[in-house]
Amino acid sequence: MSDQLGFRFTLPERRVWTVRGLVAAVRTHVEREYSDAWVEGEISNFRAPDSGHLYFTLKDGNAQIRVVMFSSKAKLLRFRPADGMQIVVRGRVTIYEDRGELQIAAEYLEPKGAGGLQVAFEQLKAKLEAEGLFAAERKKAIPTLPSRIGIVTSPQAAALRDILNILQRRHHSVSTVIYPAQVQGDLAAAEVAAGIRYFNQGRNVEVIIVGRGGGSAEDLSAFNNEGLARAVAASEIPVISAVGHETDFTIVDFVADLRAPTPSAAAELVIRSRVEVENQSEAVRERLVRAMERKLLEARNALMERAQDGAFARMMDLIRQRQQKVDDLTFRLERGERNALELMRRRWEMVAAAVRHYDLRRVLAGIRGELEAGTAAVVAAMRNQLLQNKVRVERMARALDMLSPLAILDRGYALVFDQAGQLVKDAGQVRVGEEISARLARGEIRATVREIAEGKRTGRKPVQ
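Reading the values: rules and limits
- Residues numbered from 1 in each chain as written.
- Predicted model: local features only at pLDDT ≥ 70, side-chain atom pairs only at ≥ 80, totals over all residues.
- Heavy atoms only, no water.
- Helix = DSSP H or I, 4+ residues; strand = E, 2+ residues; numbered from the N terminus.
- Contact = heavy atoms within 4.5 Å.
- Areas by Shrake-Rupley, 256 points an atom, 1.4 Å probe, with all protein chains shown as cover.
- Core = buried A, V, L, I, M, F, W, Y, C linked by side-chain atoms within 4.5 Å.
- Buried < 20%, exposed > 50% of the residue type's maximum accessible area, 1.4 Å probe, protein only.
- Pairing = 2+ DSSP bridges.
- Phe/Tyr/Trp six-rings, centres within 6.5 Å; stacked < 30°, edge-to-face > 60°.
- Polar contact = N/O pair within 3.5 Å; in protein donor to acceptor, adjacent residues only side chain to side chain.
- Patch = residues over 30% accessible without salt bridge, like charges linked within 9 Å, V, L, I, M, F, W, Y side chains within 5 Å.
- Salt bridge = Lys/Arg side-chain N within 4 Å of Asp/Glu carboxyl O.
- 1 Å grid on protein atoms, 1.4 Å probe; cavity = no way out; pocket = protein on both sides within 12 Å on 5 of 7 lines; lining within 4 Å.
- Points joined across faces, edges and corners; volume = space filled by probe spheres on them.
- Nonpolar A, V, L, I, M, F, W, Y, C, P; charged D, E, K, R; others polar.
- Lys, Arg positive; Asp, Glu negative; His and termini not counted.
- Charge placed at Lys NZ, Arg CZ, Asp CG, Glu CD.
- Axes fitted to C-alpha atoms, helices over the stretch in contact; angles between N-to-C directions.
- Parallel < 35°, antiparallel > 145°, perpendicular 65-115°, else oblique.
- Left-handed = near helix turned anticlockwise from the far one by under 90°.

(A) Focus on the overall build of the protein chain. The helix and strand inventory of the protein chain stands at twelve helices and 13 strands. Nonlocal contacts in the protein chain, meaning residues at least 24 apart in sequence, comprise 61% of its contacts between residues at least 6 apart. As displayed, the protein chain offers around 30800 Å² of accessible surface, 53% of which is attributable to carbon and sulfur atoms.

(B) Structural view of the nonpolar core. Among the nonpolar cores identified, the biggest contains 33 residues, and F223 and L228 are the most heavily contacted of them. In terms of nonpolar packing, the next biggest core, distinct from the first, is built from 22 residues, V30, L54, M85 and V93 among them.

(C) Region of interest: the pairing of strand β5 (residues 101–111). Sheet analysis places strand β3 (residues 63–69) next to β5, joined by three bridges and oriented parallel. Its bridge partner lying in β5, V68 is registered against A105. Pairing between strand β4 (residues 86–96) and β5: ten bridges, direction antiparallel. Bridging from a neighbouring strand, T94 pairs with Q103 of β5. Taken together, β4 and the strand that follows it, β5, pair antiparallel across an intervening segment of four residues, in which G100 is found at a positive phi of about 60 degrees.

(D) Structural detail: the packing of aromatic side chains. Inspection of every chain in the model, using the stated rule, returns seven aromatic pairs. Between W38 and Y108 the ring centres are 6.2 Å apart and the planes differ by 70 degrees, which places this aromatic pair in the edge-to-face class. Pair noted here: W38 is in strand β1 (residues 37–47) and Y108 is in strand β5, with a separation of 70 residues, a long-range link. Judged by relative accessible area, which is 35%, Y108 ranks as partly exposed.

(E) Just helix α6 (residues 226–234), in detail. Those residues of α6 that fall on the buried side of the exposure criterion are L228, A229, A231, V232 and A233. You can read the cap of α6 off the contacts: a side-chain oxygen lies 2.8 Å from the backbone nitrogen of G227, and it is on N225.

(F) Representation of a nonpolar patch on the surface in the model. A contiguous nonpolar surface patch, about 250 Å² in accessible area, is contributed by W17, L22 and V26. Within the secondary structure layout, V26 lies in helix α1 (residues 19–33). V26 gets classed as partly exposed once you look at its relative accessible area, which sits at 36%.

(G) Structural view of the pattern of salt bridges. Applying the stated criterion to the full structure yields 20 salt bridges. A network of salt bridges, in which partner residues are shared, links R20, R27, E31, R92, E97 and D98.

(H) Region of interest: the layout of surface pockets. Approximately 1400 Å³ is the volume found for the largest pocket. Along the wall of the largest pocket there are 46 residues; nearest its centre are L76, L77, R78, F79 and A120. Sorting the residues of the lining of the largest pocket by element identifies α2 (71–74), β5, α3 (116–130), α5 (188–202) and α6 as the ones contributing at least two each. The dominant element in the lining of the largest pocket, judged by the number of residues it contributes, is α3, at eight residues. Within the lining of the largest pocket, the residues separate by chemical class into 22 nonpolar, 13 polar and eleven charged.

(I) Just a positive patch on the surface, in detail. There is a patch of like positive charges on the surface, built from R332, R335, R338, R392, R395 and R398. Looking at the positive patch, the elements that each hand over two or more residues are α10 (310–357) and α11 (360–403). Mapped onto the secondary structure, R395 falls in helix α11.

(J) How the structure looks around the sheet that holds strand β10 (residues 258–259). Overall, parallel pairing links the five strands, which are arranged β7-β6-β8-β9-β10 in an open sheet. Whereas interior strands pair on both sides, the edge strands pair on one side only; in this sheet they are β7 (175–180) and β10. As defined by bridge partners, strand β8 (residues 207–212) adjoins strand β9 (residues 239–243) across five bridges and the pair is classed as parallel. Directly across from I209, in β9, lies its bridge partner I240.

(K) Layout of the packing of helix α4 (residues 158–170) against helix α8 (residues 263–270). Interaxial distance between α4 and α8 falls to 8 Å at its minimum, and their mutual angle equals 30 degrees. With respect to their mutual orientation, α4 and α8 come out roughly parallel. In the packing of α4 onto α8, the handedness of the crossing is right-handed. Only P263, S264, A267, E268 and V270 of α8 make contact with α4, whose side of the interface consists of A159, D162, I163, I166, L167, R169 and R170. Of the residues contributing to the contact of α4 with α8, the split by class is seven nonpolar, one polar and four charged.

(L) Molecular detail of the sheet that holds strand β11 (residues 415–417). With antiparallel pairing, three strands are arranged side by side in an open sheet as β11-β12-β13. Strand pairing shows two members of the sheet lacking a second neighbour, β11 and β13 (444–448), which therefore form its edges. Averaged over all pairs of adjacent strands, the angle between their axes in this sheet comes to 25 degrees, without regard to strand direction. Bridging between strand β12 (residues 435–439) and β13 involves five bridges; their strand directions are antiparallel. What sits directly across from A438, in β13, is I445.

Structure, rendered in structure tokens:
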């Protein structure tokens, strides 16, 4: 084709796109140009289906763009997006071919203003608190003096050395079991939770310390993990949280049975010092001694009051008289034995003197016979005398036992006293409603008179 001047023109070649081809071409161009874009806006129409993917619209005034975050990235979020939240999205701008819509495939979300870690912390804290995991009534008591302590921390951590040094200083007999775990990074929460479950399955410790030293919020973020928090809450063994410094708070601090400001403080809280235990034991011993002395003094005073009663005084006089008689008989028996021995000694001396004056060959036989006869007679007399004395002493001892008021009480009898402490010998000494006491062989009974029956010992029907 040429015009009047002789120039030749070529019409451009027409290219017809399919819808999918055009969308794919535009998508490729857009993704190449905007492969790493940061976009700020407000969340609306937020959806989180069971697939784990997140869908929402990012708005800024009248402009909006759809955002999708797939589950592989969404599960790494430390907070949960919500409608109305101002965020910054980092991702790849693309086109959803099925609808031809521009969207952002998000790789990272960050709340605008407060940091993502703080938002995640507050959201998880509110959730677990609503479930009652922070309630004081569900927290278990820490053992007073545990013999085995489990520690979940990094073996290279300075916090571990601090804990072990304090435990050794305060009570060297305690033993520790260390479960090595990372305390920082993506795997830290899972490893710490595994350590807690390990001790609960083995039941080989009495208390668990979960600890690490201080650090930034990112360093401590593993202890704000929901899975770890639920593992601590489910532990049947008491758990002490010793994470960071005194001003650092994590979710594990709220869920644990006890929060220690520092790892060193956890060691001091979990076990009392040997000196403290010894001092407390000594104080308890002193209180027991004072209580026993007071009880003995009260019992002695009560006994003295009972001993001052007239009836008991008369009984004691009678017992002492019998004891004196026994002592007298014993003395007489001993004196008789000494006299008999002295008589035998004198006779022996007489015989010996006679032997010295006579020829032993002529009188030996007679003296020997006389001596043997005399010795036999003395032995027989002493044996008879001792037997008689023994029978007499036994008879008197039995009589003494029969006269003893304690023996009478052992046979089932009792001594009855009125309110004034006087021995009751006649039913007319008391009145109905009066309080009386009965002294038994072992113990005392107090009673109130309900009825008085007067009559002879013949068993005549009592008078009401």
